[in-house]
Amino acid sequence: MLVLTRKKGEGVIIGDDIEIEVVEIKGGTVRLGLTAPKDKKIYRQEVYLKIQEENKKASEWKASSLDSLLASANIATKESK
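Think of each chain on its own: its residues are numbered from 1, step by step along the sequence as written. For a predicted model such as this one, the threshold for reporting local features is a pLDDT of at least 70, and the threshold for listing and counting side-chain atom pairs is 80 or more; totals across whole chains, interfaces and linings nevertheless cover every residue. Excluded from the side-chain calculation are hydrogens and water; included are all heavy atoms of the structure.

Digging into the sheet that holds strand β1 (residues 11–14)
- The 3 strands are arranged β1-β2-β3 in an open sheet whose pairing can be described as antiparallel. On the outer flanks of this sheet lie β1 and β3 (29–35), each paired with one strand and no other. The average angle at which neighbouring strand axes cross in this sheet is 25°, direction not considered.
- Being paired, for any two strands, means DSSP has found at least two bridges between them. For the purposes of this entry, the term helix denotes a DSSP run of H or I that reaches at least four residues, the term strand denotes a run of E that reaches at least two, and both are numbered from the N terminus. Note: β1 against strand β2 (residues 18–26), 4 bridges, orientation antiparallel. Here an axis means a line fitted to C-alpha atoms, over the contact stretch when the element is a helix, while the angle between two N-to-C directions is reported on a 0 to 180 degree scale.

As C-alpha cells, this is what we get:
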C-alpha cells in the first residue's frame, strides 16, 4: 500500500485519467474530490464491500431452491394447458 501525506488543495493522479484531491479536512474527517471518466465506477469502500457480499449471496444456490423453482414452473405449465 502506498501511503501519502497531502494537505488541503493537494492531490494525487492515478494513471492518466483519475485525480483525487483533498477538498476539506475537519476533525477526523477528510473530504476527497474525485475526477474520473464516466466509465469508471467509484464506490466508497463500505458500499463496494456490501455490493460484493450481495453478489456472492446471489450467486450461491441450493439444490432445494432449484427443485422448488422447477416444481413451480411445472405447476404453471400444467395450469396453462
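As for the pairing of β3
- Pairing analysis gives 7 bridges linking β2 to β3, with the strands arranged antiparallel. Of the residues in β3, the one forming a bridge with K26 is T29.
- What sits between β2 and β3 in their antiparallel hairpin is a turn of 2 residues, with G27 showing a positive phi close to 60°.

Concerning the pattern of salt bridges
- In the sections that follow, a salt bridge refers to a side-chain nitrogen of Lys or Arg positioned within 4 Å of a carboxyl oxygen of Asp or Glu. A full pass over the atoms with the stated rule returns 8 salt bridges.
- A salt bridge links E10 to R6, with the shortest nitrogen-to-oxygen separation between them at 3.7 Å.
- According to the relative accessible area criterion, E10 is partly exposed, its value standing at 30%.
- K57 is paired through a salt bridge with E53; the nearest N and O atoms lie 3.5 Å apart. With K57 and E53 both in helix α1 (residues 45–59) and 4 residues apart, this pair spans about one turn of that helix.
- A 1.4 Å probe rolled over the protein chains alone gives each residue an accessible area, and that area as a share of the maximum for its type sets the label: buried under 20%, exposed over 50%, partly exposed in between. Since its relative accessible area comes to 48%, K57 is described here as partly exposed.
- Look at E53 and you get partly exposed, because its relative accessible area is 38%.
- Connected through salt bridges with shared partners, the residues K50, E53, E54 and K57 form a single ionic network.

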